[in-house]
Amino acid sequence: MPALPPATSERFLMGIYETLGIKTRINAAACYTALGGSLMASEVLQAMNDAAKSFISLHELQQKAGERIASLTKNEGAFITTGAAAGIVLSILACRTRGDLVEIQKIIDGNAKRSEVIMYTGHRIPYDSNIRVAGSDLVTVGDAIQTFDYQLEAKINEDTSAIFFCAGAHLAGPALSLERTVEIAQKYSIPVIVDAAAQLPPVTNLWHFTHEMGADLAIFSGGKALRGPQSSGLVVGKREFIEAIRVNAAPYARLGRGFKASKEEIAGLMTAIELYLAKDHGADWQRWSKTVDAWFEALNGKTACKIWRDDVNEAGQPTPRIAIQLSNPNALEIISKLQSLDPIVEVVHDSRRMIWISPDSLQAGEESIVITQLLKALPTK
Ligand SMILES: *Cc1c(COP(=O)(O)O)cnc(C)c1O
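These numbers come from a predicted model, not from an experiment.

**Quick look at the domain arrangement of the chain**
Under the domain assignment used here, the chain contains domain 1 (8-30 + 280-377) and domain 2 (42-278). With 8 residues of domain 1 in contact, the opposing surface of domain 2 contributes 12 residues. Both faces considered, domain 1 and domain 2 share a buried interface measuring about 690 Å² in area, 53% of it formed by carbon and sulfur atoms. When the area that domain 1 buries against domain 2 is broken down by residue, the three leading residues are His281, Ala315 and Gln317, summing to 64%. Scanning the region where domain 1 abuts domain 2 turns up 0 salt bridges.

**Brief notes about helix H15 (residues 367-377)**
The periodicity of an α-helix, 3.6 residues per turn, causes residues three or four positions apart to be oriented the same way. Taken together, the buried positions of H15 are Val370, Ile371, Gln373, Leu374 and Ala377. Packing partners of the buried residues in H15 comprise strand E1 (26-27), helix H13 (281-299), strand E10 (321-325), helix H14 (331-340), strand E11 (345-346) and strand E13 (354-357).

**Observations concerning the sheet that holds strand E9 (residues 306-310)**
Ordered by their spatial adjacency, 4 strands build an open sheet running E9-E10-E13-E12, and the pairing between neighbours is antiparallel. Edge positions in the sheet fall to E9 and strand E12 (348-349), since each has one partner strand and no second. Relative to E13, E12 runs antiparallel, the two being bridged by 2 bridges. Bridging across to E13, histidine 349 finds its partner in isoleucine 355. Against the sheet, H13 contacts E9, E10 and E13, and its axis sits at roughly 170° relative to E9.

**A closer look at the site of the ligand**
Taken together, Thr33, Gly83, Ala84, Ala85, Ile125, Tyr127, Asp195, Ala197, Ala198, Ser221 and Lys224 make up the full set of residues adjacent to the ligand. A distance of 2.8 Å separates an oxygen atom of the ligand from a polar backbone atom of alanine 84. Aspartate 195 has a polar side-chain atom sitting 2.7 Å from a nitrogen atom of the ligand. For the ligand, whose unbound accessible area comes to 390 Å², protein coverage reaches 83%.

Rules used in this analysis
Residues numbered from 1 in each chain as written. Predicted model: local features only at pLDDT ≥ 70, side-chain atom pairs only at ≥ 80, totals over all residues. Heavy atoms only, no water. Domains from an automatic or database assignment. Contact = heavy atoms within 4.5 Å. Buried area = accessible area lost by both parts, 1.4 Å probe. Salt bridge = Lys/Arg side-chain N within 4 Å of Asp/Glu carboxyl O. Buried < 20%, exposed > 50% of the residue type's maximum accessible area, 1.4 Å probe, protein only. Helix = DSSP H or I, 4+ residues; strand = E, 2+ residues; numbered from the N terminus. Pairing = 2+ DSSP bridges. Axes fitted to C-alpha atoms, helices over the stretch in contact; angles between N-to-C directions. Near = heavy atom within 4 Å. Polar contact = N/O pair within 3.5 Å; in protein donor to acceptor, adjacent residues only side chain to side chain. Areas by Shrake-Rupley, 256 points an atom, 1.4 Å probe, with all protein chains shown as cover.

Pasting the structure below:
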């Protein structure tokens, strides 16, 4: 007979993961939702605890927290939602409806205008399925190699609601620049939405795409580098479009209701953003850089792999990591070896020859365990 679950008082003496028989993992990969995203600072947890103690008007909290975040990030407006994917849906609903209740009703009824969203073929990412969740048709422009201005202009018509631009530098090649995209969009009065979910650091990106580049909205994950609640997300940008998001979103029972940020998540993300703005980002980079150099020394020449330092992370951001190239295309075998060890070290990999390890999600003292486990899993000479 299986053991009965421990009584409540005993349960709280054990950790929650221990109670469930779940082993914690070392994250040398990235802020991946499947690993739990990122870890919140104690100040963030404190703010969530505080927020949990009272009833408030959620409309008022969303409004005031948004105003505070907007002024801290040099934006006209800000809205907290339940992740960047939710931000995509709400941003498109905002661009389609401009906050007009009649247009919202027409989307519900299935006969709304502005049904198309334009995106560069080279920007296609798994998350772009959220464009469909907003009831929109995806219109791609350009190819995997290049895009010309006239191709974008040819796609714009009266059904266009927005241009959806992915900001990762690793996707920049085949697309027009954001600068050129905004110029063309403005010529036709079409809003530009920037998906910048994983585009932190640098902290300046919180205002770069909108305040500096002229995009109408920019979307960030709250649960990646910002280290807010894992199920939180931020949209910043022009007042008109942030207000249009508000009309579509919770606490209203409209199309955005499924993306309901709680009072605790709003308080947590606002606090996480304040901490992120106050942080010494140069010191973070120096610490990561030192770890990466030490990892290089510890691995180089000890395995049958080619090892080098890479100063760009998986999302195209300037965070250092180590690249490991296997001599055989057996990355998945190495990953299953790593998964059989205790503790499990999580890494980034492709399906063939490449593995990467990153320092920015590690907790103190885990740096050397990453190397110990990798040396057990990587092929030796
Ligand atoms: C992570 C990511 C998302 C989704 O973010 P969530 O906050 O997990 O919803 C969307 N777009 C891009 C480019 C991402 O990297």
